[in-house]
Amino acid sequence: MAKKAILVLEDGSVYEGHSFGAETTAYGEVVFSTSMTGYQEMLTDPSYAGQILVPTYPLIGNYGINESDFESRQIQVRGFAVREYCSQPSHWQSTRTLHEFLLAYGIPGISGIDTRALTRRLRSSGVMMGILSSEMTTEEALTELKSLPKYDFTDFVHQVSTEKAYEWQSNMPATATLPSLSLRAQRRNLNIVVIDLGLKYNILRILSQLGCQASAVPCTASAEDVLALNPDGIVLSPGPGDPALLGDITDTVRELVGRKPIMGICLGHQLIGRALGAKTFKLKFGHRGGNHPVRDLATGRVYITAQNHGYAIDADTLKGGLEVSHINLNDGTVEGLHHRDLPILSIQYHSEASPGPLDNMYLFERFLEMVRG
């Protein structure tokens, strides 16, 4: 029988279940995602760094782990809490089980808990810190939680960013329908530099298959470092944590504004806002999942989007020529920006999906049209 495990939240609530993955202890901000598939992409998404992830879909692990759906070089979550873990996956691409995957990276999992009740608690009270352990008692976990640093005060971007610049050369396909060959030919040889704040590989896959030379640079790269690569356009990637902690990167973005076309995605979107004087705030329980409705204000069209973030831009503080281009239909928060005069666009959600719907690939098209002038 599986070893017992517990998930303890800072408010004292306890969820008892069974251990899978590594039999160890981990702590982090406990968050939930409403995506029905894509657990491998979620586990390897750097935006989940420092967090214990709770998928709301009840059955997890049923199609195993493959070698194609990595969004970074390793698992990024600190822990994984599920309703039901499937130990015998069935899929032609599967090379190992979810248990084996977590075990290989030293990440603990817990199964058999009431994830619906847990999600309702997080929605009602907001996200909070937690400990997932197969080694501690409840009392020990609660005592430990009081001494651990809060998620909000930790800079995770510098932990997950690449250490060295590199050019994307993978032959793995993008998880999206590609444009026509003629369109790809028109864009061939565009040099797009992505500042890695917690980059998902599918951004590079899509840019590459759109005919671009796509490369990534560390979050510590200066504006001069980026411009020395002679980019036709710059992408600010998604990433984890509070943008208010990233003053050095915000300064770099401010130096790049107006010098090259810029696209910001998720955290990159927030840093564009902050670089031009806007403020950000923390959401109660964040937006994480593949079913968030967003309206494009220019067309009135509603898109279903993939999202993974806990912070948002305060629309009332926008300045410097930035205007709201997209809004979230669930809570009215800012989901996109554009600049009145400069070649800048940004979105709060994930146009690259992985996982999630492919409705928003058109934004890469829009960015490349802006780059071409």
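Quantities reported herein were computed from a predicted structural model and do not represent experimental measurements.

Draft legend 1. Structural detail: the layout of surface pockets. Of the voids in this model, the largest pocket is the one considered here, and its volume is about 220 Å³. Forming the boundary of the largest pocket are 13 residues, of which Arg 123, Phe 285, Gly 286, His 287 and His 292 lie nearest the centre. In terms of residue count, the dominant contributor to the lining of the largest pocket is strand β15 (residues 280-296) (eight residues). In terms of residue class, the lining of the largest pocket is built from three nonpolar, six polar and four charged. Counted as a void, the second largest pocket has a volume near 160 Å³. Pro 46, Ser 72, Arg 73, Gln 76, Val 160, Thr 162, Glu 163, Tyr 166, Asp 196, Leu 199 and Tyr 201 are the residues that line the second largest pocket. Looking at side-chain class alone, the lining of the second largest pocket contains five nonpolar, three polar and three charged residues.

Draft legend 2. Fine view of the nonpolar core. Grouped together as the largest cluster of nonpolar side chains are 31 residues, with contacts concentrated most on Ile 192, Leu 207, Val 235, Met 263, Ile 265, Phe 364 and Phe 367. Contributions of two or more residues to this core are made by β11 (190-195), α7 (201-209), β12 (212-217), β14 (262-265), β19 (344-347) and α11 (362-372). The biggest single contributor to this core is α11, with six residues. For Phe 367, the contacting residues outside a window of four places in its chain are Ile 192, Gly 233, Ile 234, Val 235, Pro 261, Ile 262, Met 263 and Leu 345. By size, the runner-up hydrophobic cluster in this structure holds 30 residues, among which are Val 193, Val 257, Ile 272 and Ala 278.

Draft legend 3. Here's a closer look at the sheet that holds strand β10 (residues 166-167). Pairing is mixed in the open sheet, where 10 strands are placed in the order β10-β12-β11-β13-β14-β19-β18-β17-β15-β16. The open sheet has two edge strands with one neighbour each: β10 and β16 (302-313). In terms of strand pairing, β15 meets β16 through 10 bridges, oriented antiparallel. Of the residues in β16, the one forming a bridge with Pro 293 is Ile 304. Against the sheet, helix α10 (residues 267-275) contacts β13 (233-236), β14, β15, β16, β17 (322-328), β18 (334-339) and β19, and its axis sits at roughly 120 degrees relative to β14.

Draft legend 4. View of unusual backbone geometry. Pro 355 follows Ser 354 through a cis peptide bond whose omega is 0 degrees. Tracing the sequence through the fold places Pro 355 in the loop between β19 and α11. Despite not being glycine, Asn 230 has its phi angle at roughly 55 degrees, a positive value. Judged by relative accessible area, Asn 230 falls into the exposed class, the value being 53%. Its identity is not glycine, yet Cys 266 carries a phi of approximately 60 degrees, on the positive side. Judged by relative accessible area, Cys 266 falls into the buried class, the value being 1%.

Draft legend 5. Representation of the confidence of the model for the protein chain in the model. Scored by pLDDT, the protein chain comes out at a mean of 94, with 95% of its residues at no less than 70. Counted against residues more than four places away or in other chains, residues 176-187, with its pLDDT under 50, gives 19 contacts.

Draft legend 6. The sheet that holds strand β1 (residues 4-9), seen in detail. Pairing in this closed barrel of seven strands is mixed, and the strands run β1-β2-β8-β6-β4-β3-β9 around the ring. Across the sheet, the mean angle from the axis of one strand to that of its neighbour is 35 degrees, orientation sign disregarded. Across the sheet, helix α4 (residues 138-147) lies against β1, β2 (14-21) and β9 (128-133), angled at about 40 degrees from β1, the strand it touches most.

Draft legend 7. The arrangement of the pattern of salt bridges in detail. On inspection of all chains with the given rule, the structure shows 10 salt bridges. Its salt-bridge partner being Lys 3, residue Glu 23 comes within 4.0 Å of it at the nearest N-O pair. With Glu 23 in the loop between β2 and β3 (25-33) and Lys 3 in the segment before β1, the pair connects residues that are 20 residues apart, well separated along the chain. Judged by its relative accessible area of 47%, Glu 23 falls in the partly exposed class. Lys 3 sits in the partly exposed class, given a relative accessible area of 36%. Residues Lys 200 and Glu 352 are paired through a salt bridge, measuring 3.3 Å at the closest nitrogen-oxygen approach. Placement of the pair is Lys 200 in the loop between β11 and α7 and Glu 352 in the loop between β19 and α11, with a sequence separation of 152 residues. Residue Lys 200 is classed as buried on the basis of its relative accessible area of 3%. For Glu 352, a relative accessible area of 0% corresponds to the buried category. Linked through salt bridges whose partners overlap, the residues forming this network are Glu 29, Asp 152 and Lys 282.

What counts and how
- Residues numbered from 1 in each chain as written.
- Predicted model: local features only at pLDDT ≥ 70, side-chain atom pairs only at ≥ 80, totals over all residues.
- Heavy atoms only, no water.
- 1 Å grid on protein atoms, 1.4 Å probe; cavity = no way out; pocket = protein on both sides within 12 Å on 5 of 7 lines; lining within 4 Å.
- Points joined across faces, edges and corners; volume = space filled by probe spheres on them.
- Helix = DSSP H or I, 4+ residues; strand = E, 2+ residues; numbered from the N terminus.
- Nonpolar A, V, L, I, M, F, W, Y, C, P; charged D, E, K, R; others polar.
- Core = buried A, V, L, I, M, F, W, Y, C linked by side-chain atoms within 4.5 Å.
- Buried < 20%, exposed > 50% of the residue type's maximum accessible area, 1.4 Å probe, protein only.
- Contact = heavy atoms within 4.5 Å.
- Pairing = 2+ DSSP bridges.
- Axes fitted to C-alpha atoms, helices over the stretch in contact; angles between N-to-C directions.
- pLDDT = per-residue confidence, 0-100.
- Salt bridge = Lys/Arg side-chain N within 4 Å of Asp/Glu carboxyl O.

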